[in-house]
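What follows is the residue order along each chain.
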Amino acid sequence: MKVNVHAVNFTVDRKLVDFIQERMDKLEKFYDKVVSSDVFLKVEKTSEKENKIVEIKIHVPGDDFMVKKQCKTFEEAIEVSAESLERLLIKRKEKIRTHI
């Protein structure tokens, strides 16, 4: 799957990009028609510890799914987002199956 990583106002290191790619590739187990995904990484300027925001947009034929999570680390936010997307993709797959 093609994964586009967009870091807003900072540079992202290679290790994090590899982690994102690896985690996004796992989503193809749940729904194999995923075309691409856009991952937006943002750091919110607050006094709170949970200031890392991850937005993931996944493109599938006929639909787009968007998940936004805020956590202490980008890795945690990506993991939580990916779990949400897994549930969305499973629902999508089951919905398509019932129409066939």
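Note: the structure precedes this text.
A brief structural summary. (Residues numbered from 1 in each chain as written. Predicted model: local features only at pLDDT ≥ 70, side-chain atom pairs only at ≥ 80, totals over all residues. Heavy atoms only, no water.)

A few points about the sheet that holds strand β1 (residues 2-7)
Read from one edge of the open sheet, 4 strands run β1-β2-β3-β4, paired in mixed fashion. The strands lining the two open edges of the sheet, one partner per strand, are β1 and β4 (63-71). Neighbour to neighbour, the strand axes of the sheet diverge by 15 degrees on average, direction disregarded. Two strands pair when backbone bridges link them, and strand β3 (residues 52-60) and β4 are joined in this way by 9 bridges, in the antiparallel orientation. What sits directly across from histidine 59, in β4, is aspartate 64. (Pairing = 2+ DSSP bridges. Helix = DSSP H or I, 4+ residues; strand = E, 2+ residues; numbered from the N terminus. Axes fitted to C-alpha atoms, helices over the stretch in contact; angles between N-to-C directions.)

Here's the deal with helix α1 (residues 14-26)
Given 3.6 residues per turn, any residue in an α-helix points the same way as the ones three and four places further on. The terminal C-alpha atoms of α1 lie 19 Å apart, and with 13 residues this matches the ideal 18 Å at 1.5 Å per residue to within 8%. Considered for burial, the residues of α1 that qualify are Leu16, Val17, Ile20, Arg23 and Met24. The arc enclosing the buried residues of α1, seen along the axis, measures out at 130 degrees, which places them on a common side. Opposite its buried face, α1 presents the exposed residues Arg14, Lys15 and Glu22, each directed more than 90 degrees away. Those residues of α1 that are buried are in contact with β1, β2 (36-43), β3 and α2 (74-99). (Expected span 1.5 Å × (residues − 1). Buried < 20%, exposed > 50% of the residue type's maximum accessible area, 1.4 Å probe, protein only. Arc of directions from axis to C-beta. Contact = heavy atoms within 4.5 Å.)

Details of the pattern of salt bridges
Two side chains of opposite charge can pair, provided their charged atoms sit close to one another. This structure, assessed with the given rule, holds 7 salt bridges. The residue arginine 23 makes a salt bridge to glutamate 79 at a minimum N-O spacing of 2.8 Å. Residue arginine 23 is found in helix α1, and its partner glutamate 79 is found in helix α2; the two are separated by 56 residues along the sequence. Residues joined by salt bridges that share partners form a network here, namely Arg23, Glu79 and Glu86. (Salt bridge = Lys/Arg side-chain N within 4 Å of Asp/Glu carboxyl O.)

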